[in-house]
2 protein chains.
Amino acid sequence: MQVHESTPVATLVDLRVDGARLWDSLMQLAQIGATDKGGVCRLALTELDRKARDLFIAWAKEIGCSVRVDAIGNIFARRAGLRDDLPPVMTGSHIDTQPTGGKFDGNYGVLAGLEVLRTLADANIRTLAPLEVAVWTNEEGSRFVPVMMGSGVFAGAFTLEHALEQRDREGISVRDALASIGYAGDSAKPHAVGAYFEAHIEQGPVLEAHDTTIGVVQGALGQRWYDVTVHGMEAHAGPTPMELRRDALLVAADLIHAVNRIALDHAPHGRGTVGWLDVHPNSRNVIPGRVTLTVDLRAADDASLTEMDAALRAACATAGEKAGITVDVEQVVYFQPQPFAADLVAAVQQGADTLGFSSMDVISGAGHDAVYLARVAPAAMIFVPCKDGISHNEIEDARADHLEAGCNVLLQAMLNAAQTTGGTEA
Amino acid sequence: MQVHESTPVATLVDLRVDGARLWDSLMQLAQIGATDKGGVCRLALTELDRKARDLFIAWAKEIGCSVRVDAIGNIFARRAGLRDDLPPVMTGSHIDTQPTGGKFDGNYGVLAGLEVLRTLADANIRTLAPLEVAVWTNEEGSRFVPVMMGSGVFAGAFTLEHALEQRDREGISVRDALASIGYAGDSAKPHAVGAYFEAHIEQGPVLEAHDTTIGVVQGALGQRWYDVTVHGMEAHAGPTPMELRRDALLVAADLIHAVNRIALDHAPHGRGTVGWLDVHPNSRNVIPGRVTLTVDLRAADDASLTEMDAALRAACATAGEKAGITVDVEQVVYFQPQPFAADLVAAVQQGADTLGFSSMDVISGAGHDAVYLARVAPAAMIFVPCKDGISHNEIEDARADHLEAGCNVLLQAMLNAAQTTGGTEA
């Protein structure tokens, strides 16, 4: 096996990314849409998104990459392989942010990929398979839904046409927004991918709680989201005795407890959250007549998720019957649990071990572009800790040494896949 | 004892109000501020309030009443007694409404009083003590707080100056609003009241549930109102395992249940309501970081209310400790439990019995002008059923026969008090 005529495999294991350059690029990108509180507001397909895309492409071209844009605006920066007919080993993430987003969510995955390519360019190392860094359009879903739009189209989760027709709150369509920033590409057909890696901040507290540098992501939780409406009877808080009430908020409290219990019953990966709740009429001395709330259930396997669904529906029925009121439950989102590819997960683990970083198996509780990519290619993810587990927040923070470590693991995992994907070439 | 030279007492028991006239007056008054949905929007001290006041005064003058307005805009329509030096037997209520109010709340008490005076005028009956019908300013508190403003000033619950300085959302003071509608009277000093009765729709479901016409109101519940803030930790619903969460809404659910339990522990009169609740950031896939909610506790006696206060504070502490988060509790309103005067309550009961109406002892869960009046004079209330117990709603409704029955009980009770207040006169 030969990757580059003058480079024995031994030296590849010693190869390291430039952590300072990675950090500098992250900080430079974070200036586009920088907020006063140290975060980033760079919504998908805005002028700020265009500037960030332009900067990424300029950086990619500096190191000799070719760049393509597909019809939903996904960017693919490609570094040719020795056997360029092989499907690429891809990495990437997104550079759109939440309205009060941080510097690292998504941006890290894109710039870690760029740093891998820069490192290989500096060392004049060619891989067998080509390497690509993808910038997926509108992962956050803050301006346009559905979320993970670019990777969703790429993976066939929904159609290109469906995505292009979505509109923001001002009525601007994805199609028009893409055209206005000059990122409506013409490559509508997804290309084959040999392997997909994505480095990301954890967005949770587990790695930090375990003082661990690398999260070896085994897969992503499945998700079921619901809208629940509790129909009680609005009445005066004073003159209405307790036994004659039909208090919608009291039933909602039962459901909040039930959602928590359902998640605990499916430990360790079960999750249950009521994140949004609205009381009507929401007046201090009026018994709530109607409560609407959301439920977010997650589990690592579909059997658990199905059990949790049944338990939620039973809890709604029981709580409603007890109080003599109606509870409506509507499932509004379903994401299947998504295990990652065993050999790619092993490559991530091997990278962490080889480099001597502490690591642990984790599962992604959130959706990521990699979760859609896993439907059409072998995929895996690398998590690094973020401060206090906080993201989607201007105070989102991560340590430079952790970001560098994750990037080095990504480098090793990609080299591993790019060497073996194409077999050997004498 | 002699009430009118030509009228033996026996005929007074046979005296009846004109139910159709009462209903017609209610419907006529309801046209001022009528809403499309059949309700009334007539906020305190607006032009609509002025028109309604003017109409009431015109009606009162038609039957020979003298009219005074005090410095907070309370109107007193007085029918002279044979011994006009005696403190008046007063009745009344309010004619301001909620923004989506009904035709009966308050208006009934005022027009029932007017109907009593009209009936006595028709029958040419004079009472020993003078009779007065009061229209109390701003009972609802929808435009200006505090609620029950006119009766509160009259009873010394707060000062005239404090009330006059309150402003609505547009910055208009009570003082200026009173002046602009021409109802800033000059009589700042409250006058003595011999007895105070107030007829009112129940605003609750108890009478209807018991198929009973007259509620003999024994007193009013005391109230403690609180603002509660639960300080959790906002985090991503996906990546945050259940055991690492500090979910403010889960603690709020504990408190909603605790408030309900505390009320049930103080049956039959204990009441506990969480009517208002706000979740931050209120996003489907974010664990709630902060929840603010209100608590409304009511009880018939101060010992119970004190126990309930202690139980609420203990529940907040326990729920917070269990979850490792902080719960702040602040009491924002206190109304003492207010028993009504035994002899006046007996007069109401006697009126119902004499007239053959079904009746039951009830307690007022809501505040009323009578609750403040009870601080400075013997007071009692008469409740009649309202449809489904609903008020503060444009669909508020009541039956004409119930309204007539309550008005006849009011007539008998006022005659009883007005005859005996002054003793006999040969």
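What counts, and at which threshold
- Every chain's residues receive numbers from 1 upward, in the order its sequence appears when written.
- All chains are assigned letters beginning with A, and all ligands numbers beginning with 1, in the order in which they are written.
- Under the rules for a predicted model, residues below a pLDDT of 70 receive no local features and side-chain atom pairs below 80 are neither given nor counted, while totals for whole chains, interfaces and linings still include all residues.
- Calculated side-chain values reflect all of the structure's heavy atoms, with hydrogen atoms and water omitted.
- Labels follow the DSSP assignment, with helices taken as runs of H or I lasting at least four residues and strands as runs of E lasting at least two, numbered in each case from the N terminus.
- Only protein chains enter the accessibility calculation, which uses a 1.4 Å probe; a residue is then buried when its area is under 20% of its type maximum, exposed when over 50%, and partly exposed in between.
- Contact between two residues is taken to exist if any of their heavy atoms lie within 4.5 Å; hydrogens are not considered.
- Least squares is used to superpose the copies, and the fit set is the C-alpha atoms of residues whose pLDDT is at least 70 in both copies.
- Within 6.5 Å between ring centres, the rings of Phe, Tyr and Trp (the latter by its six-membered ring) count as paired, and their orientation is classed by plane angle as stacked under 30 degrees, edge-to-face over 60, tilted in between.
- Charge-over-ring placement is defined geometrically: NZ (Lys) or CZ (Arg) within 6 Å of the ring centre, and within 35 degrees of the ring normal.
- UniProt positions are given in the numbering used here, feature names are shortened, and annotations may be inferred rather than shown by experiment.
- Counted as a polar contact is a pair of N or O atoms within 3.5 Å, where, for protein atoms, one must be capable of donating a hydrogen and the other of accepting one, and residues adjacent in sequence contribute only when both atoms are in side chains.

Observations concerning the environment of Gly204(A)
One can find Gly204(A) in the loop between β5 (195-201) and α8 (206-209). A relative accessible area of 0% means that Gly204(A) is categorised as buried. Between the C-alpha atom of Gly204(A) and that of Gly365(A), which follows or precedes it by 161 residues, the distance is 8.4 Å. The residues contacting Gly204(A), other than those within four sequence positions of it, are Cys386(A), Gly389(A) and Pro239(B).

Some words on the relation of the copies chain B and chain A
The transform that puts chain B on chain A rotates by 180° and translates by 0.1 Å along the axis, for an RMSD of 0.1 Å. Taken together, these values place the two copies in the relation of a two-fold axis. Of every C-alpha in chain B, the one belonging to Ala253(B) sits nearest the axis of rotation, 2.3 Å from it. Take the interface residues of chain B: 100% of them recur as interface residues in chain A, which is what a same-surface contact looks like.

Section: the packing of aromatic side chains
For any pair of aromatic rings, the description rests on two quantities: the centre-to-centre distance and the angle between the ring planes. Counting across every chain of the model gives 14 aromatic pairs over all chains. Judged by centre distance (5.7 Å) and plane angle (35°), the rings of Trp23(B) and Phe104(B) are tilted. Residue Trp23(B) is located in helix α2 (residues 19-30), and its partner Phe104(B) is located in the loop between β3 (89-93) and α4 (107-122); the two are separated by 81 residues in the primary sequence. Judged by relative accessible area, Phe104(B) falls into the buried class, the value being 1%. Every member of this aromatic cluster is reached through a ring pair, and the members are Phe76(A), Trp136(A), Phe154(A) and Tyr196(A). For Arg53(B), the ring lying beneath its charged end belongs to Tyr183(B), and the centroid distance is 4.9 Å.

Considering the UniProt feature "binding site: Zn(2+) 1" (unreviewed entry) in chain A
Residue and element names in this part refer to chain A. Taken from the UniProt record, the annotation "binding site: Zn(2+) 1" (unreviewed entry) applies to His 94, Asp 105 and His 200. What stands out for the annotated residues spanning 107 residues is how close their C-alpha atoms remain, the widest pair being 10.1 Å apart. The buried category is assigned to His 94, whose relative accessible area is 0%. With residues up to four places along the chain from it excluded, the contact list for His 94 reads Asp 105, Gly 106, Asn 107, Val 110, Trp 136, Glu 139, Glu 140, His 200 and Asp 369. Of note is the side chain of His 94, whose polar atom sits 3.0 Å from the backbone oxygen of Asp 96. On the secondary structure map, Asp 105 appears in the loop between β3 (89-93) and α4 (107-122).

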